[in-house]
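What the coordinates show
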Amino acid sequence: MRLKKMLSLGLLCIGAACFGMTSDASAKNYDRVKVSEENYKKMFGDEKLSIEKTDPEMAATMKRYLYGDNFEQSKALTDTERELVRIACLATLGVENELKREVDGALKIGIKPLEIRETIYQVTPYIGFAKSVDALNSINEIFQKNKIKLPLENQSTVNEQTRFEKGLEVQVGIFGDRINQMRKNATEDVAHFNDDLAEFCFGDTYTRGTLDLKMREMLTMAAIASLGGCEPQLKGHIAGNKSVGNSREKVIGVLTAIHPYIGFPRTLNALACINEVMPASN
């Protein structure tokens, strides 16, 4: 029993250290019930959570955490940034019902359809076509419900002749000359992966319109953190966020916005990566 208690206290201390918590960190300077109800109403009106009848306690906990605490804690992000990184996260997790609900709410507070669609296009190289197609089908269902004409406008800026050149230019611009060294050092049997990165991940994707590089790197980080177990790639894209001008405050904001969906283990792993790559200034 004593050992169990010591382990529990140890885990709490680790969590507190990772988040920089003090003894009064849980004190609220806002009415979380009122704030959560106001934020929820802006996005969803009088629509009830699907579990409110069967599990009212879980519904209340979810609403107050997602739309009270989390909205207050992620104020480093704009409404658009917060909603797009949440949509990227939900698409990565493959949770259709929550994705539909979030997209419907995002449209109600003024997030543009093209911004939502481009979010899915951006994360496709990281989560794969299968999840992206499922996400697009869900999103298009909500678009049609809201009488949004499909297909949306083309946002591609490259063609078959320019996708490699333009993609490599963006890739090197974000990650520096180490990309050229990686390509130079690649053995013949894996060289195509480097070409695919330049052409597909960056040429076909990062060069598209509507979203700028700052937003695209935030979305990429959100997707990789949501996947879990990809810490080397996550560190690379935390550095990418820094390279394109996103502050530590923004990066922490991205993790905060998706935290309720990915849970504490993935959140703490991602936070450790942030602290390593973009340590807090003392």
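Here, the structure is the one placed above.
Residues numbered from 1 in each chain as written. Predicted model: local features only at pLDDT ≥ 70, side-chain atom pairs only at ≥ 80, totals over all residues. Heavy atoms only, no water.

Between its first and last C-alpha atoms helix α7 (residues 129–145) spans 24 Å; for 17 residues at 1.5 Å apiece the expected length is 24 Å, and the two agree. The complete set of buried residues in α7 reads S132, A135, L136, S138, I139, I142 and F143. The arc enclosing the buried residues of α7, seen along the axis, measures out at 165°, which places them on a common side. Residues of α7 that are exposed and angled more than 90 degrees away from the buried face: F129, A130, D134, Q144 and K145. Tucked into the core, α7 has its buried residues touching α4 (79–93), α5 (96–108) and α6 (113–127). (Helix = DSSP H or I, 4+ residues; strand = E, 2+ residues; numbered from the N terminus. Expected span 1.5 Å × (residues − 1). Buried < 20%, exposed > 50% of the residue type's maximum accessible area, 1.4 Å probe, protein only. Arc of directions from axis to C-beta. Contact = heavy atoms within 4.5 Å.)

A separate point is the packing of helix α3 (residues 56–73) against α4. It is the contact of α3 with α4, at a shortest axis distance of 13 Å, that shows an interaxial angle of 125°. Between α3 and α4, the interaxial angle falls into the category oblique. Of the two possible hands of crossing, α3 and α4 adopt the one that is right-handed. Of the residues in α4, those touching α3 at L66, Y67, N70 and F71 are R82, E83 and R86. (Axes fitted to C-alpha atoms, helices over the stretch in contact; angles between N-to-C directions. Parallel < 35°, antiparallel > 145°, perpendicular 65-115°, else oblique. Left-handed = near helix turned anticlockwise from the far one by under 90°.)

Moving on, we get to the nonpolar core. Within the largest apolar cluster, 67 residues are counted, with the highest numbers of intra-cluster contacts made by V85, V103 and I116. For this core, the leading source of residues is helix α13 (residues 248–277), giving eleven residues. Aside from chain neighbours lying at most four places away, what touches V103 is I87, I116, I139, I142 and F143. (Core = buried A, V, L, I, M, F, W, Y, C linked by side-chain atoms within 4.5 Å.)

Take α13 next. With 30 residues, α13 ought to run about 44 Å at 1.5 Å a step, yet its terminal C-alpha atoms sit only 10 Å apart, falling short of that. The largest bend in α13 amounts to roughly 130° and is located at G263, with the proline P265 lying one to four residues further along. (Bend = angle between axes of the 7 residues up to and from the residue.)

With respect to the element layout, D69 can be found in helix α3. With 36 residues separating them along the chain, D69 and V33 place their C-alpha atoms 9.3 Å apart. Not counting residues up to four positions away in its chain, the partners in contact with D69 are K28, Y30, R32 and R64. A polar side-chain atom of D69 sits 2.6 Å from a polar atom in the side chain of Y30. A polar contact is formed between the side chain of D69 and the side chain of R32, at a distance of 2.9 Å. (Polar contact = N/O pair within 3.5 Å; in protein donor to acceptor, adjacent residues only side chain to side chain.)

Tallying each qualifying case throughout the model produces seven aromatic pairs. Centroid distance Y40 to Y67: 5.4 Å. Interplanar angle 75°. Geometry classified as edge-to-face. In this pair, Y40 is assigned in helix α2 (residues 32–44) and Y67 in helix α3, connecting sequence segments 27 residues apart. For Y40, a relative accessible area of 2% gives the class buried. (Phe/Tyr/Trp six-rings, centres within 6.5 Å; stacked < 30°, edge-to-face > 60°.)

On to the pattern of salt bridges. Two side chains carrying opposite charge are able to pair once their charged atoms lie near each other. Under the counting rule described, the total for this entry stands at 21 salt bridges. Between E118 and R117 there is a salt bridge whose closest N-O contact spans 3.0 Å. Each member of the pair E118 and R117 is classed as buried. The salt bridge involving D195 is made with R183; its shortest N-O contact spans 2.8 Å. Taken together, the residues D195 in helix α10 (residues 191–206) and R183 in helix α9 (residues 178–185) connect sequence positions twelve residues apart. Classification of D195 by relative accessible area gives partly exposed; the value is 28%. Residue class for R183 comes out partly exposed when judged on its relative accessible area of 25%. Here the salt bridges share partners, and the residues they tie into one network are R117, E118, R208 and R216. (Salt bridge = Lys/Arg side-chain N within 4 Å of Asp/Glu carboxyl O.)

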